[in-house]
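Here is what each chain is made of, one letter per residue.
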Amino acid sequence: QVQLVESGGGLVQAGGSLRLSCAASGSIFSIILMGWYRQAPGKQREVVATIIGDTASYLDSVKGRFTISKDNAKNTVYLQMNSLKPEDTAVYYCNAVIRKTVVSNSLPYWGQGTQVTVSS
């Protein structure tokens, strides 16, 4: 089985910073992609940032403020969030596309979500 465990959410004032972490564990042959999504109340889940190899992509509204990075040895992805705004308030979910064995298909896995609240 594969598990994604997130940490680092919380309450912060506007302009502040938070760092999210997500560690993948279990039966892992390779990790194809890791990323972060978020879902605010009453809104659809949206992709915030993804990283494939050394290539990162970002939601336009977070470019220049958020940075995604990963530690391949630890199967961990990070999201450094700076200059936070109230509109960044949401539950943030870690996502990873993982191949469990050399012959298996790559499948998506999700973390349990971590709340980020930015006060004005």
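Here's what I pulled together on the structure shown here. (Residues numbered from 1 in each chain as written. Predicted model: local features only at pLDDT ≥ 70, side-chain atom pairs only at ≥ 80, totals over all residues. Heavy atoms only, no water.)

Scanning the model with the defined rule gives one aromatic pair in all. Taking the centre distance of 4.9 Å and the plane angle of 70° together, the rings of tyrosine 37 and tryptophan 110 count as edge-to-face. In this pair, tyrosine 37 sits in strand β4 (residues 30–39) while tryptophan 110 sits in strand β10 (residues 106–110), placing the two residues 73 residues apart along the sequence. Judged by relative accessible area, which is 22%, tyrosine 37 ranks as partly exposed. Residue tryptophan 110 is classed as partly exposed on the basis of its relative accessible area of 39%. The cationic tip of arginine 19 hangs over the ring face of tyrosine 78; the distance from NZ or CZ to the ring centre is 4.1 Å. (Phe/Tyr/Trp six-rings, centres within 6.5 Å; stacked < 30°, edge-to-face > 60°. Helix = DSSP H or I, 4+ residues; strand = E, 2+ residues; numbered from the N terminus. Buried < 20%, exposed > 50% of the residue type's maximum accessible area, 1.4 Å probe, protein only. Lys NZ or Arg CZ within 6 Å of the ring centre and 35° of its normal.)

The next subject is the nonpolar core. Counting residues in hydrophobic clusters, the biggest one holds 28 residues, and the most contacted among them are Trp36, Leu79, Met81 and Tyr92. When residues of this core are traced back to their parent elements, those giving at least two are β1 (2–7), β3 (18–26), β4, β5 (46–52), β7 (66–71), β8 (76–81), β9 (90–99) and β11 (114–119). Residue contributions to this core peak at five residues, all from β9. (Core = buried A, V, L, I, M, F, W, Y, C linked by side-chain atoms within 4.5 Å.)

Within the fold, threonine 76 resides in strand β8. Owing to a relative accessible area of 8%, threonine 76 belongs among the buried residues under this scheme. Of note is the side chain of threonine 76, whose polar atom sits 2.9 Å from the backbone oxygen of lysine 74. (Polar contact = N/O pair within 3.5 Å; in protein donor to acceptor, adjacent residues only side chain to side chain.)

Moving on: the pattern of salt bridges. Counted according to the given criterion, the structure contains four salt bridges. Residue arginine 38 pairs with glutamate 46 through a salt bridge whose shortest N-O separation is 2.8 Å. Residue lysine 63 is joined to aspartate 60 by a salt bridge in which the shortest nitrogen-to-oxygen separation is 3.0 Å. Of the residues examined, lysine 63 reaches a relative accessible area of 48% and is grouped as partly exposed. Several salt bridges converge on common partners, so that one network encompasses Arg38, Glu46, Arg65 and Asp88. (Salt bridge = Lys/Arg side-chain N within 4 Å of Asp/Glu carboxyl O.)

Turning our eyes to something else, we now look at the side chain of serine 21. Looking at the secondary structure, you find serine 21 in strand β3. The buried category is assigned to serine 21, whose relative accessible area is 17%. Sequence-distant contacts of serine 21, that is, excluding residues within four places in its chain, are made with Val5, Glu6, Ser7, Trp36, Val77 and Tyr78. (Contact = heavy atoms within 4.5 Å.)

In short, geometric facts, not functional conclusions.
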